[in-house]
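Structure at a glance
Okay, here's what each chain looks like letter by letter:
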Amino acid sequence: MIRVVLPFHLRNLARVGDEVEIEVSGPPTLQAVLDALEAEYPVLRGTIRGHNGGRRRPFLRFFACEQDLSHEQPDAPLPEAVATGAEAYLIVGAMAGG
């Protein structure tokens, strides 16, 4: 079970609480987590990554274990603490400007 924390606007869209738990088949990677999240909550399709090519949407960042994973390869394994459910995988809405 992988714990995922969504930003406020995506929580409202999916009508969920602060954190969701999802099952990932196979090794837990960024792509596997997002595939499982979109399968469980179809309304999120296209909101976290684009419909074409699956690239991360601008102004969304991915964090786990105090590390920014936003620019990691989609098939890179997630940290062990996230894979075991000890730590949550964070999808954070980034801000622009100063």
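The structure reproduced in this document is the subject of the present report. Small disclaimer: the values here were computed from a predicted structure and weren't measured.

Calculation rules
Residues numbered from 1 in each chain as written. Predicted model: local features only at pLDDT ≥ 70, side-chain atom pairs only at ≥ 80, totals over all residues. Heavy atoms only, no water. 1 Å grid on protein atoms, 1.4 Å probe; cavity = no way out; pocket = protein on both sides within 12 Å on 5 of 7 lines; lining within 4 Å. Points joined across faces, edges and corners; volume = space filled by probe spheres on them. Helix = DSSP H or I, 4+ residues; strand = E, 2+ residues; numbered from the N terminus. Nonpolar A, V, L, I, M, F, W, Y, C, P; charged D, E, K, R; others polar. Contact = heavy atoms within 4.5 Å. Polar contact = N/O pair within 3.5 Å; in protein donor to acceptor, adjacent residues only side chain to side chain. Buried < 20%, exposed > 50% of the residue type's maximum accessible area, 1.4 Å probe, protein only.

The subject of this paragraph is the layout of surface pockets. Estimates place the volume of the largest pocket at around 350 Å³. Taken together, 15 residues form the lining of the largest pocket, with Gly54, Arg55, Arg56, Glu72 and Pro74 sitting closest to its centre. Looking at the lining of the largest pocket, the element that brings in the most residues is helix H2 (residues 30-40), giving four residues. Each residue belonging to the lining of the largest pocket can be placed in one class, and the counts come to five nonpolar, five polar and five charged.

Below, the discussion takes up the environment of Arg61. Examined against the element boundaries, Arg61 turns out to sit in strand E3 (residues 60-64). Along the backbone, Arg61 and Gly50 are 11 residues apart, and their C-alpha atoms lie at a distance of 14 Å. Leave out the neighbours within four places in its chain, and Arg61 touches Arg56, Asp68, Ser70, His71, Leu90, Ile91, Val92 and Ala94. Among the polar contacts made by the side chain of Arg61, one reaches the side chain of Asp68 at a distance of 2.3 Å.

Even without being a glycine, Arg15 presents a positive backbone phi close to 55 degrees. As for its placement among the helices and strands, Arg15 is situated in the loop between helix H1 (8-14) and strand E2 (19-22). Residue classification places Arg15 among the exposed positions, given a relative accessible area of 78%. One non-glycine residue, Cys65, lies in positive phi territory at about 50 degrees. Tracing the backbone through its elements, the reader meets Cys65 in the loop between E3 and strand E4 (67-68).

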